[in-house]
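What the coordinates show
Here's the letter readout for the chains.
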Amino acid sequence: TYRFIAKRLKQYSTSTTRNLKKENIQNSIHYNDSDKVYEDIRYQNTKLKVDYVYHLSIVVMLLISITSSGIISNEHSKGTIKNIVTAPVKRSKILLSKFIYLILDMYIMWFIGLIIISVIAGLKYGFSDLFEPLLVYRGGKVIEVNYYLYLIKEIFISSIPVVCFLSILFFISTISLSTSLSVGISTFISVISLFIWLINLSSIFKYIVYTPFIYFDLGFIKTNSNWYINSLLHVSYNEFTGIIISVIVMLVLYI
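As a starting point, this report considers the structure included with it. (Residues numbered from 1 in each chain as written. Predicted model: local features only at pLDDT ≥ 70, side-chain atom pairs only at ≥ 80, totals over all residues. Heavy atoms only, no water.)

Moving on: helix H8 (residues 179–192). Helix length check: H8, at 14 residues, gives a terminal C-alpha distance of 20 Å against a target of 20 Å (1.5 Å per residue), a fit within 8%. Residues Ser182, Ser186, Thr187, Ile189 and Ser190 constitute the buried set of H8. One side of H8 carries all its buried residues, which in axial view fall inside an arc of 160°. More than 90 degrees from the buried face of H8, the exposed residues found are Ser180 and Phe188. For H8, the secondary structure elements touched by its buried residues are helix H3 (56–68), helix H4 (73–78) and helix H7 (147–175). (Helix = DSSP H or I, 4+ residues; strand = E, 2+ residues; numbered from the N terminus. Expected span 1.5 Å × (residues − 1). Buried < 20%, exposed > 50% of the residue type's maximum accessible area, 1.4 Å probe, protein only. Arc of directions from axis to C-beta. Contact = heavy atoms within 4.5 Å.)

Turning our attention to the pairing of strand E2 (residues 141–145). Here strand E1 (residues 134–138) runs beside E2; their pairing, made up of five bridges, is antiparallel. Within E2, the position partnered with Leu135 by the bridge is Glu144. Where E1 hands over to E2, the hairpin turn is made up of two residues, of which Gly139 adopts a positive phi near 65°. (Pairing = 2+ DSSP bridges.)

In C-alpha cells:
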C-alpha cells in the first residue's frame, strides 16, 4: 500500500509540475539537496536567498565591534582627547558626529552585503525574479510593490535595534579607557545575539524580552516564522515592542 501511494504521489507531482511549466507559473517552494527531489520539480526563488540579507545585522554588529569599538576610548589612549575637549565645539556635537559616523558605517556595510548577496543569488538562480513585483497584504488588499524598495524599508526597520547596539558600543567606549575592553564586551554582545532565540524558547528566561538583546536580529522573525511562533508560547512580544524598547535604550545610553 505504501509503495502504491508513493508511486501515485510521484506521478501526480510530476504531472502537476509539467502543467505549471506549460502555464509559466512559478512557485516559491524551497527544496534542500537532502530532500532528493527530482530536478523537474525543483525550483529555487532568488528572493528566498536575497532575504537572508536581514541576518546581516549580526555580521555588521560583529564587524563594527572589531573596527570601531575604540571610537572614543582610542582618543584617551592616543592622548587626542585633550585637543577634542579644548576645541570650541560642544561635547554633545562631537559625540553626535561620532555616533552618526557609526550609523552610516552600519548602513554602508549592510547595503554592500545586499549587493553581494543579490549578485550571488542572481548568478545562481537568475536575476529576473528580483525585478518582479512582490505581493504584499496591506490595508485589506493584496498589492504589488517593488521588491527592492520593500527590502530597503524592511532593512531600515530591522536596523533600529542594531542602532541600539551601536549606542551600547558607544556608551562602553565612552566610559571605558580601554579599547580592548570595549572590543571584548561589544563583540561578546554581538556573538551572543545569535543564541538569544534559543535561550528565549525556555520560559526561565522569559524576561529577556524586556531587553533589546533579543531584537538585534529581527531577521529571525522575518525568515524563521516557525521558531518565532514557537517562542510566542513562552513570552508575548512582537517587532513593534522590540523597536520601542530599542529606541528607549538608545536614547538613554546616548544621553
